[in-house]
Amino acid sequence: MPEAAGGGRERRGGGTERPEQGSRAQQLHPAALDHLVYAVPDLDAAVEELRQRTGVAAAPGGAHVGRGTRNALVALRHSGSTAAYLELLAPDPEQPDVPPERTMLGVGRLGAGHSPVGYAWAVRPADLDDAVARAAAAGIDIGTPVGAARRTPAGTDLVWRLAVPSPLGLGGVQPFLIDWGGSAHPVDDDLPLLGLTGLRAEHPDPVRARQVLALLGAQLAVSRGPVPALHARLTGPAGSLTF
């Protein structure tokens with residue numbers, strides 16, 4: 001499996017110390033891998049499966065109030081960095097009446113009882129507003145930046161801005177953009193850790209997908225496939241999980 005995205009040693013504020021070769025726009029405005037979203041129908045069951053397969057139990061994240069979801073998190077080590085994480089994202093049983101289009105990242109559109117799926121991924125551009133402007137100038141729907149927040153079980157307030165198209169761009173192969181500003185980041189907590197040893201995508205039009213990723217400064221191997229798909233391999237002390 002190809003190596004994970006992000007060729008240099010990442011900094012949480014965005015970018016890498018040694019960007020991969022590519023366009024001038026990539027080198028001036030690299031986007032660091034922030035997190036992967038693994039959408040699951042039942043959070044507790046998914047946390048237990050991850051524990052059984054890898055030996056690592058995801059830490060409780062929190063609820064997205066008004067967005068109908070809750071999550072659990074695991075830090076990811078890739079290319080020598082631990083500045084990214086895995087988000088297990090699931091419906092929140094305490095918020096049963098949120099319309100699908102209002103759920104976090106629109107994950108409610110998957111429907112009840114869907115199969116676990118690599119749903120989306122996020123990158124941290126060096127400048128969120130600049131990245132959105134460049135995407136708009138190129139005719140790419142990247143969404144409008146909006147603010148979000150939640151409190152961790154440890155009492156840490158997380159505040160961020162994100163730009164997410166609706167529906168997700170390129171079926172989820174196009175990353176959404178996130179900016180944590182000067183606030184805390186999920187990996188600042190003492191999260192459990194897994195290795196991210198593979199990350200790639202498939203898309204029916206891989207040339208177009210690569211063009212969009214290059215403009216966003218996002219690094220991901222894309223091959224031709226019948227439907228858009230994200231594939232990741234996570235490794236822990238007891239084994240691995242691939243989705």
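Our subject is the structure listed above.
The notes below deal with the structure included here.

### Some remarks on the overall build of the chain
Across its full length, the chain carries 4 helices and 12 strands. Looking at the chain residue by residue over its 243 residues, the buried ones come to 50%. About 10700 Å² of surface is accessible on the chain, with carbon and sulfur atoms providing 51% of the total.

### Brief notes about the packing of aromatic side chains
Inspection of the entire model under this criterion finds 2 aromatic pairs. Ring centres of Tyr38 and Phe243 lie 4.3 Å apart, and the angle between their planes is 20°; this geometry places the pair in the stacked category. Highlighted residues: Tyr38 in strand S1 (residues 31–39) and Phe243 in the segment after strand S12 (239–242), separated in sequence by 205 residues. Owing to a relative accessible area of 7%, Tyr38 belongs among the buried residues under this scheme. Their ring planes at 45° and their centres at 5.2 Å tell us that Trp160 and Trp180 sit as a pair that is tilted. With Trp160 in strand S7 (residues 157–163) and Trp180 in the loop between strand S8 (176–179) and strand S9 (193–203), the pair connects residues that are 20 residues apart, well separated along the chain. Accessibility assignment for this pair places Trp160 and Trp180 in one class, buried.

### Overview of the pattern of salt bridges
All told, the structure shown has 9 salt bridges when counted by the stated rule. One salt bridge in this structure joins Arg134 and Asp130, with 2.9 Å as the shortest N-O distance. Note that Arg134 and Asp130 are positioned in helix H3 (residues 128–137) at a spacing of 4 residues, about one turn of the helix.

### Some remarks on the environment of Leu234
As for its position among the elements, Leu234 is in strand S11 (residues 229–236). A C-alpha to C-alpha distance of 9.4 Å links Leu234 and Leu86, two positions 148 residues apart in sequence. Once residues within four sequence positions are removed from consideration, Leu234 is found in contact with Thr54, Leu76, Leu86, Leu194, Gly195, Leu196, Gly239, Ser240, Leu241 and Phe243.

Cut-off values and rules
- Residues numbered from 1 in each chain as written.
- Predicted model: local features only at pLDDT ≥ 70, side-chain atom pairs only at ≥ 80, totals over all residues.
- Heavy atoms only, no water.
- Helix = DSSP H or I, 4+ residues; strand = E, 2+ residues; numbered from the N terminus.
- Buried < 20%, exposed > 50% of the residue type's maximum accessible area, 1.4 Å probe, protein only.
- Areas by Shrake-Rupley, 256 points an atom, 1.4 Å probe, with all protein chains shown as cover.
- Phe/Tyr/Trp six-rings, centres within 6.5 Å; stacked < 30°, edge-to-face > 60°.
- Salt bridge = Lys/Arg side-chain N within 4 Å of Asp/Glu carboxyl O.
- Contact = heavy atoms within 4.5 Å.

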